[in-house]
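# Coordinates in review
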Amino acid sequence: MIQFTHVTKEYEGGFRALDAVSFFIDKAEFVFLTGASGAGKTTLLKHIYMEEKPCRGQVIVCKYDSKSTRHKDLPYLRRKLGIVFQDFRLLSDRNVFENVAFSLRVTGMREREVKRKVFKALSHTGLSHKCSNFPNQLSGGEQQRVSIARAIVNEPLVLLADEPTGNLDHAVSQEIFALLQTINSWGTTVLMATHDLNLISPYHYRTIELSRGALIKGADATLKPKFTGASLRL
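First things first, this report covers the structure right here in the doc. Because the structure is predicted, anything quoted here is derived from the model rather than measured.

## Description of the overall build of the chain
If you tally the helices and strands in the chain, you get seven helices and ten strands. Whereas a compact globule of 234 residues would reach a radius of gyration of roughly 17 Å, the chain reaches 17 Å, a difference of no more than 12%. Residues counted as buried form 49% of the 234 residues belonging to the chain. A separation of at least 24 residues holds for 70% of the contacts in the chain among residues at least 6 apart in sequence. As displayed, the chain offers around 11,600 Å² of accessible surface, 49% of which is attributable to carbon and sulfur atoms.

## Here we look at the pattern of salt bridges
For the coordinates displayed, the defined rule picks out 14 salt bridges. A salt bridge links Glu-113 to Arg-116, with the shortest nitrogen-to-oxygen separation between them at 2.7 Å. With Glu-113 and Arg-116 both in helix α4 (residues 111–124) and three residues apart, the pair spans about one turn of that helix. According to the relative accessible area criterion, Glu-113 is partly exposed, its value standing at 28%. With a relative accessible area of 37%, Arg-116 lands in the partly exposed category. Residue Lys-130 pairs with Glu-142 through a salt bridge whose shortest N-O separation is 3.6 Å. Of this pair, Lys-130 sits in the loop between α4 and α5 (140–152) while Glu-142 is found in helix α5, placing the two residues twelve residues apart along the sequence. We note that Lys-130, like Glu-142, is buried. In this structure, a network of salt bridges that share partners links the residues Glu-10, Arg-16, Asp-19 and Arg-56.

## A short note on the packing of helix α3 (residues 96–106) against α5
The geometry of α3 relative to α5 is characterised by a closest axis approach of 8 Å and an angle of 30 degrees between their N-to-C directions. Our classification of the angle between α3 and α5 gives roughly parallel. Taken as a pair, α3 and α5 cross one another with a handedness that is right-handed. For the pair α3 and α5, contact is made by Val-96, Asn-99 and Val-100 and by Val-146, Ala-149 and Arg-150, respectively. Looking at the contact of α3 with α5 residue by residue, the classes come out as four nonpolar, one polar and one charged.

## Re the sheet that holds strand β10 (residues 214–217)
Backbone-to-backbone hydrogen bonds join strands into a sheet, with any given pair of strands oriented parallel or antiparallel. In spatial order, the strands read β6-β7-β8-β3-β9-β10; together these six strands make up an open sheet with mixed pairing. Looking along the sheet, the strands with just one partner apiece sit at the ends: β6 (81–85) and β10. Across the sheet, the axes of successive neighbouring strands diverge by a mean angle of 20 degrees, strand direction being ignored. For strand β7 (residues 158–162) and strand β8 (residues 189–193), the ladder comprises five bridges, and the chain directions are parallel. The partner of Leu-160 across the bridge, within β8, is Leu-191. Across the sheet, α5 lies against β6 and β7, angled at about 165 degrees from β6, the strand it touches most.

## Some words on the pairing of strand β9 (residues 206–211)
Here four bridges tie strand β3 (residues 30–34) to β9, and the two strands are oriented parallel to one another. Note that in β9 the partner of Leu-33 across the bridge is Ile-208. Where β9 meets β10, three bridges bridge the pair, whose relative direction is antiparallel. The residue of β10 that forms the bridge with Leu-210 is Leu-215. Once β9 ends, the chain turns through two residues before running back antiparallel as β10, passing Arg-212 with a positive phi of about 50 degrees.

## Topic: the sheet that holds strand β5 (residues 64–65)
The four strands are arranged β2-β1-β4-β5 in an open sheet whose pairing can be described as antiparallel. Strand pairing shows two members of the sheet lacking a second neighbour, β2 (16–25) and β5, which therefore form its edges. Across six bridges, strand β1 (residues 2–10) lies against β2 in antiparallel orientation. Counterpart to Lys-9 in the pairing with β2 is Leu-18. Across the sheet, helix α1 (residues 41–48) is in contact with β1, β2 and β4 (56–61); its angle to β1 comes to roughly 120 degrees.

About the thresholds
Residues numbered from 1 in each chain as written. Predicted model: local features only at pLDDT ≥ 70, side-chain atom pairs only at ≥ 80, totals over all residues. Heavy atoms only, no water. Helix = DSSP H or I, 4+ residues; strand = E, 2+ residues; numbered from the N terminus. Rg over C-alpha atoms; globule rule 2.2 N^0.38 Å. Buried < 20%, exposed > 50% of the residue type's maximum accessible area, 1.4 Å probe, protein only. Contact = heavy atoms within 4.5 Å. Areas by Shrake-Rupley, 256 points an atom, 1.4 Å probe, with all protein chains shown as cover. Salt bridge = Lys/Arg side-chain N within 4 Å of Asp/Glu carboxyl O. Axes fitted to C-alpha atoms, helices over the stretch in contact; angles between N-to-C directions. Parallel < 35°, antiparallel > 145°, perpendicular 65-115°, else oblique. Left-handed = near helix turned anticlockwise from the far one by under 90°. Nonpolar A, V, L, I, M, F, W, Y, C, P; charged D, E, K, R; others polar. Pairing = 2+ DSSP bridges.

Take it as geometry only, folks, not as evidence of what the structure does.
Laid out in structure tokens, this is it:
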């Protein structure tokens, strides 16, 4: 699903955000991405949805190759990905339903199908009763659930979560993490970036750890997940 091969990313001034990073994430895995602030976690995620391209090395995601994927192909790659951010990134002038529906309408999907998928996604995230609320009427945990609903509404193969619990208290963080586990149980690959080691320590998912752009843990999938063929169907 996701393969990095000797990926190096340098910025002006010689700053090396990623340093010869290699790893593989298999279908239906749940993987943690950890490291101190500035370790390169967000830069690595940007390479997965190809907002950034390597200076050296290669990234392959859902058969899209960083060496050959053109700019006009990126929307097709990103339809296979769901992305959840720490700061939610909801549209403040649109209600919950409209926020989740936005990406579907951009693709020209028929409104009947949009409604079906949006209400299913909101049901999965426990927000069906909030569909007419605006973001400023929601708690932080509810806003993050909306962002997760938006991320899964297009039935992604891979869900990327960049510090999804960073702005939430411990109890709500546990709820959000449990929701990500449920999504993974449907067959969706989940990569969760976090610096909260207390949150992830009770779990035995594989951990990829970065330090100053270099991978120091978790290069290879030592255990292949037992994938039964189930998939997310909204």
